[in-house]
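Examination of the molecular architecture
Here are the chains, one letter per residue:
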Amino acid sequence: MKAAALLLLVLAAPADPRALWIRAAHDVHAKADLAIASGNEVDARNQLVAFLSVPPPASVDETNARAVQQDIWFRVAELDLHVGTPSGAEADANSGLALGRADDLFVANLLIVRGRALELRHDDRAAIADYSEAQRINEVLLSQAVEKKP
């Protein structure tokens, strides 16, 4: 009887907004994967952008919110490159980078995808600058990983 009462309490408890938002991000990635696998990049892009249109709950700390959103902006930009819209990819990468900068994988990915878009638009100097900054970040990350090794 005690276990059943505990289960009812857990089921009746309000859901944690952070957990729901993270789950929604996971789900939108999975749905986008399915859409891409079926050749529907436009649907995948629309689903990802729809997720980005809803702000994260206030209980999600800024660093985690930025990382999740930047990861999705990266995928949106990659989809734009895949369908031949480098100007859209550049704008998407800029939207992701506007969320903030850190020496992390999410910023490096956005710089790389923006660099590809700039290169396709024949802005080689800007592309090189983005690739160089992404390389610098990746070197920092590699150095941190090596330092952590036992």
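Up top is the structure these notes are about.
A few points on the structure. Treat the numbers as computed from the prediction; the structure is a model and nothing was measured.

Topic: the overall build of the protein
Along the protein, the regular secondary structure elements total seven helices and zero strands. Order of helices (α) and strands (β) in the protein, N terminus to C terminus: α-α-α-α-α-α-α. Taking 2.2 N^0.38 as the reference for a compact globule, 150 residues should give roughly 15 Å; the C-alpha atoms of the protein span a radius of gyration of 19 Å, well beyond that estimate. In terms of its C-alpha atoms, the protein occupies a principal-axis envelope of roughly 70 × 45 × 25 Å. Counting only residues that meet the buried cut, the protein has 34% of its 150 residues in that class. Excluding contacts between residues fewer than 6 apart, the proportion of contacts in the protein whose partners are at least 24 apart in sequence is 61%. Of the accessible surface of the protein, which amounts to about 9200 Å², a share of 61% is contributed by carbon and sulfur atoms. Within the protein, one finds 15 positive and 21 negative side-chain charges whose respective centroids are separated by 5 Å.

Thoughts on helix H6 (residues 105-120)
The end-to-end C-alpha separation of H6 is 23 Å, in line with the 22 Å expected for 16 residues at 1.5 Å each. Considered for burial, the residues of H6 that qualify are Val107, Ala108, Asn109, Leu110, Leu111, Val113, Arg114, Gly115, Ala117 and Leu118. Contacts made by the buried residues of H6 are with helix H4 (62-82), helix H5 (86-97) and helix H7 (124-148). Immediately downstream of H6, the backbone of His122 shows phi near 65 degrees, a positive value.

So, the environment of Gln47
The residue Gln47 is located in helix H3 (residues 41-52) in this model. Sequence separation between Gln47 and Val76 is 29 residues; the distance between their C-alpha atoms is 9.6 Å. Residues within four places of Gln47 in sequence aside, it is in contact with Val28, Lys31, Ala32 and Ala35. At a separation of 2.8 Å, a polar atom in the side chain of Gln47 contacts the side chain of Asp43.

Considerations on the nonpolar core
The biggest cluster of nonpolar side chains holds 30 residues, and the ones touching the most others in it are Leu48, Phe51 and Ile72. Elements with a contribution of two residues or more to this core: helix H2 (17-37), H3, H4, H5, H6 and H7. Considering each element in turn, this core owes the most residues, nine residues, to H4. If sequence neighbours within four positions are ignored, Ile72 has contacts with Val28, His29, Leu48, Phe51 and Leu52.

Description of H2
Turn by turn, an α-helix covers 3.6 residues, leaving residues three or four places apart pointing in a common direction. Here H2 is 21 residues long and its end C-alpha atoms lie 30 Å apart, about the 30 Å a rise of 1.5 Å per residue gives. Taken residue by residue, H2 has Trp21, Ala25, Val28, His29, Ala32 and Ala35 as its buried positions. End-on view of H2: buried residues confined to an arc of 130 degrees, all on one side of the axis. Counted as exposed and oriented over 90 degrees from the buried face of H2: Leu20, Leu34 and Ala37. Check the buried side of H2 and you find it contacts H3 and H4. Between the side-chain oxygen of the N-cap and the backbone nitrogen of Arg18 there are 3.2 Å, and the N-cap of H2 in question is Asp16. Taken from the residues just after H2, Gly39 is the one with a positive phi, measuring 80 degrees.

What counts and how
Residues numbered from 1 in each chain as written. Predicted model: local features only at pLDDT ≥ 70, side-chain atom pairs only at ≥ 80, totals over all residues. Heavy atoms only, no water. Helix = DSSP H or I, 4+ residues; strand = E, 2+ residues; numbered from the N terminus. Rg over C-alpha atoms; globule rule 2.2 N^0.38 Å. Buried < 20%, exposed > 50% of the residue type's maximum accessible area, 1.4 Å probe, protein only. Contact = heavy atoms within 4.5 Å. Areas by Shrake-Rupley, 256 points an atom, 1.4 Å probe, with all protein chains shown as cover. Lys, Arg positive; Asp, Glu negative; His and termini not counted. Charge placed at Lys NZ, Arg CZ, Asp CG, Glu CD. Expected span 1.5 Å × (residues − 1). Polar contact = N/O pair within 3.5 Å; in protein donor to acceptor, adjacent residues only side chain to side chain. Core = buried A, V, L, I, M, F, W, Y, C linked by side-chain atoms within 4.5 Å. Arc of directions from axis to C-beta.

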